[in-house]
Structure formats: C-alpha cells, structure tokens
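Each chain, written out:
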Amino acid sequence: MKAHALEQFTVRDVLSHRGYPTLRHPINDTATVQEALTQMRKHNAVSLPVLSSSNKDRPLVDVISVYDLRDYIIHSPGLDNEVQLQLLSGRASGARTVLSDTVAQVVASRKHATQEISATAPLESLIRLFSTLGHHLVLVTGVQSKDAVHRVPRSSSDEPRRRREWSIGSGCSSSTLGYADSFDWEYSDDDEDSTSQMWGLTQYDVLHFIQHHNHQLGHPILDMPATSIASTKPLTATAVISQSPDSRHTPLLPALTIRDSALSAMKQLRDSHTSALPVVDIDGRLIAEIAGTGMRYLTEDKIGFLGKPVLAFIYGLQLPKANPYVIHEHFTMSQIMTGLLRMNSYRAWLVDSEERPICAISTTDILSFLL
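Overview of the structure. Predicted model only: the values in this text are computed from it and were never measured.

**Structural notes on unusual backbone geometry**
Turning to step 1, where the next piece is worked out: One non-glycine residue with positive phi stands out, namely His 25, at about 60 degrees.
Turning to step 2, where the next piece is worked out: Considering the arrangement of structural elements, one finds His 25 in the loop between helix 1 (11-17) and strand 1 (27-28).
Turning to step 3, where the next piece is worked out: The backbone phi angle of Asn 44 is positive, close to 55 degrees, even though this residue is not glycine.
Turning to step 4, where the next piece is worked out: For Asn 44, the position within the fold is in the loop between helix 2 (33-43) and strand 2 (47-51).
Turning to step 5, where the next piece is worked out: Using a relative accessible area of 32% as the deciding quantity, one classes Asn 44 as partly exposed.

**Overview of the sheet that holds strand 2**
Turning to step 1, where the next piece is worked out: Spatially, the 3 strands line up as an open sheet ordered 1-2-3, and their pairing is mixed. Lying at the two open borders of the sheet, with one neighbouring strand each, are strand 1 and strand 3 (60-65).
Turning to step 2, where the next piece is worked out: Of the strand pairs in this sheet, strand 2 and strand 3 are connected by 5 bridges, and their pairing is antiparallel. Residue pairing in the sheet places Leu 48 in a bridge with Ile 64 of strand 3.

**Quick word on the packing of aromatic side chains**
Turning to step 1, where the next piece is worked out: By the definition in use, this model includes 2 aromatic pairs.
Turning to step 2, where the next piece is worked out: Seen in terms of ring centroids, Phe 9 and Phe 209 are 5.0 Å apart; in terms of plane orientation they differ by 90 degrees. Their pairing is edge-to-face. Placement of the pair is Phe 9 in the segment before helix 1 and Phe 209 in helix 7 (residues 203-212), with a sequence separation of 200 residues. Neither residue differs from the other here; Phe 9 and Phe 209 are each classed as buried.
Turning to step 3, where the next piece is worked out: Between Tyr 20 and Trp 199 the ring centres are 6.0 Å apart and the planes differ by 75 degrees, which places this aromatic pair in the edge-to-face class. Of this pair, Tyr 20 sits in the loop between helix 1 and strand 1 while Trp 199 is found in strand 10 (residues 196-202), placing the two residues 179 residues apart along the sequence.
Turning to step 4, where the next piece is worked out: Take Tyr 20: its relative accessible area is 7%, and that puts it in the buried class.
Turning to step 5, where the next piece is worked out: Residue classification places Trp 199 among the buried positions, given a relative accessible area of 1%.
Turning to step 6, where the next piece is worked out: Note that Arg 41 overlies the ring of Tyr 297, its terminal NZ or CZ placed 5.8 Å from the centroid.

Quick notes on the rules
- Sequence positions are assigned chain by chain, starting from 1 and proceeding in written order.
- Per-residue local features are limited, in this predicted model, to residues with pLDDT of at least 70; the limit for side-chain atom pairs, both in listing and counting, is 80 or more; totals at the level of whole chains, interfaces and linings are taken over all residues.
- Water and hydrogen atoms play no part in the side-chain values, which are based on all heavy atoms of the structure.
- Helix and strand labels come from DSSP, where a helix needs a run of H or I of at least four residues and a strand needs a run of E of at least two; each type is numbered from the N terminus.
- Classification of residues uses two cut-offs on accessible area relative to the type maximum, computed with a 1.4 Å probe and protein chains only: under 20% is buried, over 50% is exposed, and between them is partly exposed.
- Strands are treated as partners if at least two bridges between them are detected by DSSP.
- Note on aromatic contacts: the rings of Phe and Tyr and the six-membered ring of Trp form a pair at centre separations within 6.5 Å, being stacked when their planes are under 30 degrees apart, edge-to-face when over 60 apart, and tilted otherwise.
- Look at NZ for Lys and CZ for Arg. If either is within 6 Å of the ring centre and within 35 degrees of the ring normal, a charge sits over the ring.

Note that every value here comes from positions in space, so none of it alone points to a role or purpose.
Below, the structure is given as structure tokens:
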C-alpha cells in the first residue's frame, strides 16, 4: 500500500470505529421490485438485506442494491413499450410491469453475490474488495455479538426521542445507520447474543475511518493534487492530460446533454459501470448529475419519465435537489476526502477553468489510490 500507516489496522478496527453497523431495513425475497424501491426511498438507503421467506435456518439470502434493481429494470423486455405508452397517454397502461417482479427474481438474475470478509482480515484486503472488484458493500463475518456495541434508548420511557439519522444516499451503497450521538452505547450481556452474526461495511465507512486517521497518512499522500488522482483512472487519464485551448468544444469524458433521455442515461451508467454521469449545458458546463439512485423514485405510473430528458426525469420524479460537489485541479486528497464526508457525497466532479467536467473522483478512486 502507498499508505503504509494503514497496514496496522484490521477490518475489526473499522467496525469498532463505525459502531458495528448491522444491516437494516430487511425485505423478503417475495416482495416486489416496487416495494424494494419504495423501502430504499423511505429510508434513504442504497442497499437492502434480502431475507428468505422459506428458509428460516439461513434467513439472509443476499444484499441487493439500487444498482441491481436499475439493471434488472432496464433489461426488462417490455420496458420500452410501457415507457412509450405512458409518454403518449400520460398514464400507466394497466399492464403488468417489471416493477411487479419479485426481489428473488432480481437476486437470481445477478452474476455476482455480495462478498464476505473476516473481521480479522487486514484493512488492505477490505480496500481491495472495494476498489478492485468494485463492491460497495461487504459483509463481515467472525464478529461476536458480545464484542459489538449495541444502540439502545437512554431510558424505557415512552417519551419519543429525536433520532438523527444519515445514510449514503448519493450513490454509496449503504444501509441507513443511526448517528452515534443519538444513542447511548452499551454492551449486551444476553447469552443469546454470543453467537457470530453478520455485519456490513461500505466504502463510505472505510473512507470515514481513513479520514479519522489521516494524520498518519503523511503529507505526500494528503497533499496529492486532484489531477494526480484522476490520472490513475484509465478512462480519464487522457482527458486530464489534454486540457488545452484547442479542446474547448471536445468533451473530456462521456457526458449527457439536456436532450438525452433518462433511460439512455441509465443504460450508459450500466454499460460504463459507473454510479453517475454529468449533465452539461450547450457549452459543456456541468449543471447537474444523474445517478442510479434516482431509480428509487420510480413507480408504476411514472415509468414514462424514463423516456423524457434527464432534467425532466429529475424534476418530474422530484429527486432530492443537490448541487454536484465540484473541485478544481489544485484540490488535494485531504480536501477531497473532507468534502465528500461533509457533503455526504459519493463523488467529486473535477472540472476545468470553464466548469467543464473532466472526471468524477469517487470513493472507489480514493481507496484505489491508497493501494
């Protein structure tokens, strides 16, 4: 690893720092795609644990993300017809759609399963799972419940308590977790809790842990400019190097115009294996971003919005309004990490002097750079 100071840590250290996050908001494998999207939207979550409705001995089937649901939906044979019918009529056709399929069908259609890692594994192994394989959520095994900290209310009073919660809703695959200062932290002495259980960590959890220990990384890493980080991305290395006046009207990376449809955007996201794409104006300046998480707001009667331009999709589905996190070439690794965490964002858009997007620096890129 470039960051030798991180070699002393294990997966358990990250778990402890993050309060032993468990998978929350489970959904049965018999639930529909629509119900899964609704649950993700309700809890501002990007991943849901899937429980078996038949096998009580092994209840956890897998974990699905909004990206799994996105890919399943856009691969649906009848999707284009439903989109066109809704665009013409302005209402749902009444026919059965892909949103009525079950979560079990989504799980069965995937080519990969959620990865597992031992709590005793080195932190480097966890980072490699995230950066090399592109996973956003990893399950952690080998943790004794009696060693984990459980969140419990301060009292048994019926008086409602304010619970401030956060989640990684802009592309980070994560279960929604209770914020630490909303709870007292206590250890459980229940004998029944002494068995090994499953816990989950996301890229965002690791980034938060690294930021907490950033004083150990050293100036060579913390002061690394954004262009150096971006140049390690194979698809954008050329774009970073070729920032010249002659390329004024040449896109530096794949981008969407305000005329591109949301469906074409989602297909491009799938094909490029990225979580978001920039939306640019006629001069190529960054004005918005569209991410796979936008699919959480899809419903039966709004499938037609997939056929509309990306901005109409964003406003028609009433997606949360958030300006893209924009950085420039002189931003450092330390500044980028701080910005990602403070803005609860999954990516920072590196732009040139004319606000044209060069590339997105994501949490995956940050972790990859540390290896």
